[in-house]
Amino acid sequence: MPKIRTNPLLAAVALAHAGGVVAYMPLVTLLLPLQVEALDKSAKIDLLTAAVLIGGVAASVANILFGWLSDRSVEAGGGRRRWVVIGLCALALSYPALALARTPAQLLIAIALAQAAIYAVLAPLFAIIAEEVPSSQKGLAGGLLSLGNPVAATFAVMLLAVPALSDMARFALVPVAAVGLLLPLLALRARRFDPMPEPVQSWDRRDLLIASGSRLLVQLACATLGLYLLYYFQTLVTDDLDVAAGVGTLLMVSYIIPLPVAVIAGRWSDRSGVRRPFLFVSAAVGAMGLLGMAAAADAWLGAIAFCVFAAGTAVFLSLHATFAMQLLPKPDRRGRDLGLVNLANTLPSMIGTLIVWQLATPEDFTLVMLAFAVLTLAGAVMILAVRERPASPAD
C-alpha cells in the first residue's frame, strides 16, 4: 500500500477544488431542478434541457476566456488568483438572480450568468493546480480532488435539511461556502512559473485530444445524471416520500465512498509512473453502475447502482484532471489550453441533455441509462490509446 503524504499546498488545492464543486453541484443537482419544477412542472424536462444548453454555452466561453486572461496576467508578471477572486464576486451576484427568477426567460438568463461566473473561478483554478503542484504529486492531487463531491453533496443536503431557509437564503449560501473553501489557496503565495522541461512533440496534441475525448464520453453520464437524478428516482418511487431529500442524502453517501479509493489510487499511480490502468478500471466500474440503474426495479436498487456508478466515475474524473495537465503542450498557455480541454466538462452537459430529451420520458429513463453505459465504456477503452509521457515514479 503506497504511503500517503500531503502538504499545505495539496490541502489548499483540495479545499479550493471543493469550493469550485460547491459552486455548481447543489445548483445543478437540486436547486435548479426544483426551481424549474416550480416554474413549469408539466414542461420540466424541456425547460431544464434549455437551461443546461444555454448554461453550457456560457460556461464553455467563460472557461476559455478566463483561462486565457489568467495566462496574460502571468505573462505580465501578475498571477491567476485575481481572476479567481473576480469569478467569486460574479458568483455572489448571479446566485440571488437565480432565486429571483419568476419566468422561464429570467431563469435562462440567470443560469447563463451563473455558469459563466462558475467557470471564471474554475478556469484559473485548474491552471494554478497545473503549474504549482509538482508532477510527482499530481496523482495524489488528483485523488484529493475527489473531496469536492462529498463536500458539495453534504452542503446540498444541509441546504434542504433546514426548512426555515428561504429559496433566497439557499441560493445566497452557495457562493458564501465557495469563498470560504477557496480562501486557503488564495492566501498562499503563488509559486514561480515552472515550464515543462520536455520539448513539444507532435504526439502531445494527439494524446491530449484522445484523453479529452475519453473524458467527454465518461462525462456525458456524470454531467447529465446530476441534473435528472431527481426525476429518475421519481420514476422509481410510488409513495409520498420526500424524493429531493433522499436524492441529496444519496449524493452525499455516494461521493464519500470513492474518496479513499481515489486518494490511494492517485498516490499509487504516482509511485508506479502510469495512470491509464487506473483510469480504465474506474470508468468500466462506472459503466456497470449505469447498467444497474437501467435494470433497477425500485429506488433501493437504483440507489445501490448509482453508488457504483458514482464511485467509478469519481475516481476516473479526479485522476483524469491531473493526468491531462501532464499532457499540455504549452506551459505558458496552461489556462487557455485547460479551458479547451475542459470543454470535455461543459459540452457533455449539452450533449447529454439532448440524449435525455430524445430517449427519456417523465416515467422511464431505461434507454438513457443504457446509452450512457455504452458511451462510458467507450470512454474507458479510449483512454488506453493515450501514450503517457515518461515520468519518474514518486518516492
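Given the structure is predicted, the values throughout are model-derived calculations rather than measurements.

Brief notes about the overall build of the protein chain
For step 1, the next point in the chain: Summing up its helical and strand segments, the protein chain has 15 helices and zero strands in all.
For step 2, the next point in the chain: By residue count, 58% of the 395 residues in the protein chain fall in the buried class.
For step 3, the next point in the chain: Put simply, of all contacts in the protein chain between residues at least 6 apart along the chain, 85% involve residues at least 24 apart.
For step 4, the next point in the chain: Carbon together with sulfur atoms contributes 69% to the accessible area of the protein chain, which is approximately 15,700 Å² in total.

Details of the packing of helix H9 (residues 243-256) against helix H10 (residues 258-272)
For step 1, the next point in the chain: Across the interface, H9 lies against H10 with an axial gap of 5 Å and an inter-helix angle of 25 degrees. The pairing of H9 with H10 is recorded here as roughly parallel in orientation. Counted together, Ser254, Tyr255 and Ile256 of H9 and Pro258, Leu259 and Pro260 of H10 form the full contact between these two elements.

With respect to the packing of aromatic side chains
For step 1, the next point in the chain: Overall, the coordinates contain five aromatic pairs when judged by the stated rule.
For step 2, the next point in the chain: A ring pair is formed by Tyr95 and Phe171, whose centres lie 6.3 Å apart and whose planes are at 50 degrees; its orientation type is tilted. One end of the pair, Tyr95, is in helix H3 (residues 81-100); the other, Phe171, is in helix H7 (residues 167-187), with 76 residues separating them in the sequence. Assigned by exposure class, Tyr95 and Phe171 land together as buried.
For step 3, the next point in the chain: Seen from their ring centres, Tyr232 and Phe365 are 6.3 Å apart, and the 90 degrees between their planes marks the pair as edge-to-face. Remark: Phe365 occurs in the loop between helix H14 (343-359) and helix H15 (366-383) and Tyr232 occurs in helix H8 (residues 202-234); sequence separation between them is 133 residues.
For step 4, the next point in the chain: According to the relative accessible area criterion, Tyr232 is buried, its value standing at 4%.

Regarding a nonpolar patch on the surface
For step 1, the next point in the chain: A cluster of nonpolar side chains, contributed by Val57, Val61, Leu65 and Trp68, occupies part of the molecular surface with about 350 Å² of accessible area.
For step 2, the next point in the chain: With respect to the helices, strands and loops of the structure, Leu65 is situated in helix H2 (residues 44-75).

Describing the environment of Ala117
For step 1, the next point in the chain: Tracing the sequence through the fold places Ala117 in helix H4 (residues 104-132).
For step 2, the next point in the chain: Residues Ala117 and Ala62, spaced 55 residues apart in sequence, show a C-alpha to C-alpha distance of 7.7 Å.
For step 3, the next point in the chain: When neighbours within four sequence positions are excluded, Ala117 is seen to be in contact with Gly87, Ala90, Leu91 and Ser94.

Comments concerning helix H11 (residues 276-295)
For step 1, the next point in the chain: Taking 1.5 Å per residue, 20 residues should reach 28 Å; H11 reaches 29 Å between its end C-alpha atoms and fits that length.
For step 2, the next point in the chain: Residues of H11 that are buried: Phe278, Leu279, Ser282, Ala283, Ala284, Gly286, Ala287, Gly289, Leu290, Met293 and Ala294.

A short note on helix H6 (residues 148-161)
For step 1, the next point in the chain: Compared with an ideal rise of 1.5 Å per residue, which puts 14 residues at 20 Å, H6 spans 20 Å between its outermost C-alpha atoms and is within 8% of the ideal.
For step 2, the next point in the chain: Listed as buried for H6 are Gly148, Asn149, Pro150, Ala152, Ala153, Phe155, Ala156, Val157 and Leu159.

Details of the pattern of salt bridges
Close approach of charged atoms lets side chains of opposite charge pair.
For step 1, the next point in the chain: Across all of its chains, the model carries two salt bridges by this definition.
For step 2, the next point in the chain: As a salt-bridge pair, Arg80 and Asp71 come within 2.8 Å of each other at their nearest N and O atoms.
For step 3, the next point in the chain: Residue classification places Asp71 among the buried positions, given a relative accessible area of 1%.
For step 4, the next point in the chain: Glu132 is the salt-bridge partner of Arg81, the closest N and O atoms lying 2.9 Å from each other. Residue Arg81 is located in helix H3, and its partner Glu132 is located in helix H4; the two are separated by 51 residues in the primary sequence. A single burial state applies to Arg81 and to Glu132, both of which are buried.

Considerations on the packing of helix H1 (residues 8-39) against H9
For step 1, the next point in the chain: At their nearest, the axes of H1 and H9 sit 11 Å apart, and the two run at 170 degrees to each other. Comparing their axes, H9 and H1 come out roughly antiparallel. In this structure, H1 uses Met25, Thr29, Leu30 and Leu34 to contact H9, whose residues at the interface are Ala244, Val247, Gly248, Leu251 and Tyr255.

Quick notes on the environment of Leu122
For step 1, the next point in the chain: Along the chain, Leu122 falls in helix H4.
For step 2, the next point in the chain: Along the chain, Leu122 and Trp83 lie 39 residues apart, while their C-alpha atoms are 9.6 Å from each other.
For step 3, the next point in the chain: Sequence-distant contacts of Leu122, that is, excluding residues within four places in its chain, are made with Gly20 and Tyr24.

Notes on the environment of Thr366
For step 1, the next point in the chain: Considering the arrangement of structural elements, one finds Thr366 in helix H15.
For step 2, the next point in the chain: Between the C-alpha atoms of Thr366 and Ala294, which are 72 residues apart in sequence, the distance is 4.7 Å.

Points about the side chain of Ser73
For step 1, the next point in the chain: Position of Ser73 among the secondary structure elements: in helix H2.
For step 2, the next point in the chain: Discounting chain neighbours no more than four positions away, the residues touching Ser73 are Gly78, Gly79, Arg82 and Trp83.

Observations regarding the confidence of the model for the protein chain
For step 1, the next point in the chain: With 85% of its residues at a pLDDT of 70 or more, the protein chain has an overall mean of 79.
For step 2, the next point in the chain: Considering each helix and strand of the protein chain separately, the mean pLDDT is smallest for helix H13 (residues 334-341), with a value of 59, and largest for H15, with 92.
For step 3, the next point in the chain: Predicted confidence for residues 1-6 stays below pLDDT 50, and this span has 16 contacts to residues more than four positions away or in other chains.
For step 4, the next point in the chain: With pLDDT under 50 throughout, residues 391-395 is counted as low confidence; its partners more than four residues away or in other chains account for twelve contacts.

Conventions adopted
Residues numbered from 1 in each chain as written. Predicted model: local features only at pLDDT ≥ 70, side-chain atom pairs only at ≥ 80, totals over all residues. Heavy atoms only, no water. Helix = DSSP H or I, 4+ residues; strand = E, 2+ residues; numbered from the N terminus. Buried < 20%, exposed > 50% of the residue type's maximum accessible area, 1.4 Å probe, protein only. Contact = heavy atoms within 4.5 Å. Areas by Shrake-Rupley, 256 points an atom, 1.4 Å probe, with all protein chains shown as cover. Axes fitted to C-alpha atoms, helices over the stretch in contact; angles between N-to-C directions. Parallel < 35°, antiparallel > 145°, perpendicular 65-115°, else oblique. Phe/Tyr/Trp six-rings, centres within 6.5 Å; stacked < 30°, edge-to-face > 60°. Patch = residues over 30% accessible without salt bridge, like charges linked within 9 Å, V, L, I, M, F, W, Y side chains within 5 Å. Salt bridge = Lys/Arg side-chain N within 4 Å of Asp/Glu carboxyl O. Expected span 1.5 Å × (residues − 1). pLDDT = per-residue confidence, 0-100.

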